[in-house]
Amino acid sequence: MAGLSRRFRFSGAVAAVLAASALIPFSGGLTTKPQGTGCVGDTRIPVIASIDKIDAMRRLAQEFTGPHGHEVDGRRVCLDVLESQSGSVLLKLIEAWRRHDMPGAVDTPGPFDDYPLIWLPASTMWWVQLKERTDSCGSKQTAFTCTDNQLGLENTAPRSLARSPMVVAVPRSHRDKLSKLSGDTITWKALTTCYPTGCDPALGKTNPNLSTMGLAAELGMIWEAAGDPPNEGAAQMIYDVVRDTDDGTPDSRILDLRKRARDGVRRMEKAFTHYGATTNDLLCELTRESADGKVRQAVVVDEQTVWSYNTGRQVGLGCRSATKGEEPQDPLSPIFLADRSLMSDHPFVLIDPEPKLHEVENRAARDFRDHLLQPEQQREFQDFGFRIPDQETGKYVLGGPQIKKLYPDRSVYDRVLEGYHLRLPPCVTADDHCPRGVLDDALTVWATELRKPLRTEVLVDYSGSMSDPVRDTGATKIDIALAGVAQMLAAFHEGDRLGVRVFATLHPEKGRDWEDIRPFSPVTSKSTAAEVRAAFQRFFTARHDGVHRRTGLYDSIADAVEKVADGCTGGETGTVVVLTDGANAKDGGRELDRLVNELSHPVNGRCAVRVMLVAYGGDIDDKAAEAMARIADATSGGVYYATDPASLGTVLTDLTADF
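This one's a predicted model, so the numbers in the text were calculated from it and none came from an experiment.

Visitor: Would you mind going over the overall build of the protein with me for this structure?
Guide: Tallying secondary structure elements over the protein gives 23 helices and 24 strands in all. In the protein, which comprises 659 residues, the proportion classed as buried is 59%. Long-range contacts, defined here as pairs at least 24 residues apart, represent 77% of the contacts in the protein between residues at least 6 apart.

Visitor: Quick question: what am I supposed to make of helix 21 (residues 592-600) here?
Guide: The α-helix winds at 3.6 residues per turn, so residues separated by three or four positions along the chain end up facing the same way. Residues of helix 21 that are buried: L592, L595, V596 and L599. Taken down its axis, helix 21 places every buried residue within 95° of arc, on the same side. The inward-facing, buried residues of helix 21 contact helix 20 (553-565) and helix 22 (622-634).

Visitor: Explain the sheet that holds strand 3 (residues 75-83) here, please?
Guide: Either a parallel or an antiparallel arrangement is found when strands of a sheet pair, and the pairing is made through backbone hydrogen bonds. Spatially, six strands are ordered 2-3-1-4-13-5 in an open sheet, and the strand pairing comes out mixed. Because the sheet does not close on itself, it has two edges, and the strands there are strand 2 (70-72) and strand 5 (159-160). Summarising the sheet, strand 1 (residues 43-49) and strand 4 (residues 118-120) pair through three bridges and their orientation is parallel. Counted as the bridge partner of V47 is I118 from strand 4.

Visitor: Just checking my understanding: could you explain the side chain of K205 for this structure?
Guide: With respect to the helices, strands and loops of the structure, K205 is situated in strand 8 (residues 202-206). The class for K205 is buried, based on a relative accessible area of 0%. A distance of 3.2 Å separates a polar atom in the side chain of K205 from a polar atom in the side chain of E269. When neighbours within four sequence positions are excluded, K205 is seen to be in contact with A217, M221, E269, F272, H274, Y275, G276, L282, V300 and W446.

Visitor: I would appreciate a short explanation of the pattern of salt bridges in the present structure.
Guide: In a structure, side chains of opposite charge can pair up when their charged atoms sit close to one another. Per the counting criterion, the structure on display carries 31 salt bridges. One salt bridge connects R410 with D414, and the closest N-O pair in it is separated by 3.0 Å. Taken together, the positions of R410 and D414, both in helix 16 (residues 410-418) and four residues apart, correspond to about one turn of that helix. A salt bridge links E598 to R594; the nearest nitrogen and oxygen atoms lie 3.0 Å apart.

Visitor: Please explain the nonpolar core as it appears in this structure.
Guide: Inside soluble globular proteins, nonpolar side chains tend to come together where they are buried. Ranked by internal contacts, the top residues of the largest apolar core, which has 69 residues, are W119, L130, W188 and I351. In terms of residues, this core owes the most to one element, helix 8 (residues 212-226), which gives ten residues. Excluding residues within four positions of it along the chain, L130 makes contact with L90, L93, I94, W119, N149, L151, L153 and I351. Within the second largest apolar cluster, 53 residues are counted, among which are L282, A364, A365 and Y396.

Visitor: Help me understand the side chain of K131, please; the structure alone is not making it clear to me.
Guide: Following the sequence through the fold, K131 ends up in helix 5 (residues 124-133). No salt bridge is formed by the buried K131. Its closest oppositely charged neighbour is D135, at 5.7 Å. In this view, K131 contacts A143, C146, N149, L153, E154 and N155; residues no more than four positions away in its chain are not counted.

Visitor: Can you walk me through the environment of T653 in this structure?
Guide: With respect to the helices and strands, T653 occurs in helix 23 (residues 648-657). Owing to a relative accessible area of 32%, T653 belongs among the partly exposed residues under this scheme.

Visitor: Is there a simple way to think about unusual backbone geometry in this case?
Guide: Leave glycine aside and you will find that most residues have negative phi; peptide bonds, for their part, are mostly trans. Although it is not a glycine, D73 sits at a positive phi angle of roughly 50°. Take D73: it is sitting in the loop between strand 2 and strand 3. The class for D73 is exposed, based on a relative accessible area of 58%. At H433, a residue that is not glycine, the phi angle is positive and equals roughly 50°.

Visitor: What exactly am I supposed to notice about the packing of aromatic side chains here?
Guide: To describe a pair of aromatic rings, one takes the distance between the centres and the angle between the planes. A complete count under the given rule lists eight aromatic pairs for this structure. Where F381 meets F386, the ring centres are 6.0 Å apart and the plane angle is 85°; that geometry is what we call edge-to-face. Given the relative accessible area of 1%, F381 is considered buried. Given the relative accessible area of 1%, F386 is considered buried. Ring pairs connect the aromatic residues F64, F348 and F368, which therefore count as one cluster. Between the NZ or CZ atom of K205 and the centre of the ring of F272, over which it lies, the distance is 5.3 Å.

Visitor: Just to check I follow, could you spell out the pairing of strand 24 (residues 638-642) for this structure?
Guide: Each regular strand carries side chains that alternate between the two faces of the sheet. Residues of strand 24 alternate between two faces, with G638, Y640 and A642 buried on one and V639 and Y641 left unburied on the opposite face. Summarising the sheet, strand 23 (residues 609-616) and strand 24 pair through five bridges and their orientation is parallel. In the strand pairing of strand 24, M612 is matched with G638.

Visitor: Help me understand the packing of helix 20 against helix 21, please; the structure alone is not making it clear to me.
Guide: When two helices pack together, their arrangement is captured by the angle between the axes and the distance separating the axes. Where helix 20 meets helix 21, the closest approach of the two axes is 10 Å, and the angle between their N-to-C directions is 15°. Of the possible angle classes, the one that applies to helix 20 and helix 21 is roughly parallel. As for the relative orientation of helix 20 and helix 21, their crossing is left-handed in sense. Contact residues: Y554, I557, A558 and V561 in helix 20; L592, L595, E598 and L599 in helix 21.

Visitor: Is there a simple way to think about the state of the cysteines in this case?
Guide: Here a disulfide denotes one covalent bond, and it connects the sulfur atoms of two cysteines. Enumeration according to the criterion identifies three disulfides in this entry. Shown here is the disulfide that connects C427 with C434, its sulfur atoms set 1.9 Å apart. Residues C427 and C434 are joined by a disulfide whose S-S torsion is about 50°; by sign, that bridge is right-handed. Classification of C427 as buried rests on a relative accessible area of 2%. According to the relative accessible area criterion, C434 is buried, its value standing at 12%.

How each quantity is defined
- Residues numbered from 1 in each chain as written.
- Predicted model: local features only at pLDDT ≥ 70, side-chain atom pairs only at ≥ 80, totals over all residues.
- Heavy atoms only, no water.
- Helix = DSSP H or I, 4+ residues; strand = E, 2+ residues; numbered from the N terminus.
- Buried < 20%, exposed > 50% of the residue type's maximum accessible area, 1.4 Å probe, protein only.
- Contact = heavy atoms within 4.5 Å.
- Arc of directions from axis to C-beta.
- Pairing = 2+ DSSP bridges.
- Polar contact = N/O pair within 3.5 Å; in protein donor to acceptor, adjacent residues only side chain to side chain.
- Salt bridge = Lys/Arg side-chain N within 4 Å of Asp/Glu carboxyl O.
- Core = buried A, V, L, I, M, F, W, Y, C linked by side-chain atoms within 4.5 Å.
- Lys, Arg positive; Asp, Glu negative; His and termini not counted.
- Phe/Tyr/Trp six-rings, centres within 6.5 Å; stacked < 30°, edge-to-face > 60°.
- Lys NZ or Arg CZ within 6 Å of the ring centre and 35° of its normal.
- Axes fitted to C-alpha atoms, helices over the stretch in contact; angles between N-to-C directions.
- Parallel < 35°, antiparallel > 145°, perpendicular 65-115°, else oblique.
- Left-handed = near helix turned anticlockwise from the far one by under 90°.
- Disulfide = S-S within 2.5 Å.

This is the structure:
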């Protein structure tokens, strides 16, 4: 035990592994080349697109370059199109900029190492944040007025390629049963009045730090809770709600607005079961529910994603329970948020800190942008369920086949199109006069004050193989696992409840398989990563006579779920996170079928507890993987694979976004 205690002191190697892995979204870097691009040329330029339009962009990129590349000044240029969430890319771009901008840095990154040359997020909201965080202007300059940007971002808003409005997607079978979801539109308040009595169907939406729909939903709820904007517009009103510091003493009107709106958003947030990392995650849950005949939720997504679901593209979305090409028996109906269905505008963003070094590449990128804006390519966006501008009216419209798939009753589509329900989010045009940092402040206040409180129990496998060394790190599996748990504390704030356990067959005489490291209790302002580290140190220093270092997985999960659910009111998000490198290996105790049955029929139905399993290391066999998938599916949870233990930082970042 002394050896474990010594190695657990979070050496620089462990810290470096976690820090690096949390920043790299793809193996090899942000601009790793995909396979099978179908283009052979002199130069390849990286393109990162939001997940919802990856199929459209890969097809359009191949059409643009052909098999031999797009020619500029005698050079042939190919495009490497990768996918990633808009918010995730934003964080990686900012971190890369900070690394190269810190004192002592001597190299300047170009678009072929840390940055893509072309970034295609789902909304200009992400461009605004990137531009404001990477410039040298003062607090009075905004993304639209500052001309000194260190990533070479243009000073005008990027061109929009297509649009897709936010909707509440409801299975048609449920829409017919529920009166409040039977109309064309619904307000945020009406949608969420089911709390605290319980929502049928349950409601799901995404994390605003990573997802465009999550951020748009937050802004829409703030906007609605604050009321109709004054003459200065919605951007200023949202600023008054989310900004905690002021140049002077705020007047009573602003203080009253801030309190009223934040209280209203907190009530609305409590109606949602949990926050998915992506809209695809939410739709995959619906796919699983449809497969077992138990559709349990409505989700906040965009219209194009509903079209993808209804046309049988769940396999393309990564849904494990889907059948390729098979349309769902219970398709989704889109319902619009009354006057708050904010539009994703899918901008074309060029990034290049040293544009003079890449004149050919930049010209090719602009040629590609112009190509995408041509009528023929715009119609291809329509083919994928996006809206494009009508040449006569200027309104953004769907194509005829897409309308038929989404709106069997054409009059529903026409009424929403005629009504003033579809809007761009605040802060995406210069005309909004958006104060600097509004979107950053909105994310901060959501994470620290507005989101649902968390009830989370973390289980860490303490079986014998967790002492195995991790190559090239100087650390063991348990070292990195426990460092990752301490890192997770950043996702929690005062008002949450958190517990941390290790599990193996620790106390056979007591009939339990676990030991509490941090008892399940409220997180306070004094709860820090150091607290968790110290608790682990005490555990490893103590004697554990009679410990059978085998994995009592099923009993440990069952007890943790019961603990999280006990006392839950339904206004909290319940989660059990399990870090393990193996299968259940305990004689006696629960069998898998019994555990899955218990998880599928919880005693406390008001607080659904999701089980999120991290399959840790390369030792997971097919039987263990299938068991973990069954456990996760029973709770609408998930299985995350950290095949290389050194990638745990990335995996835990993705996992906590899915709370």
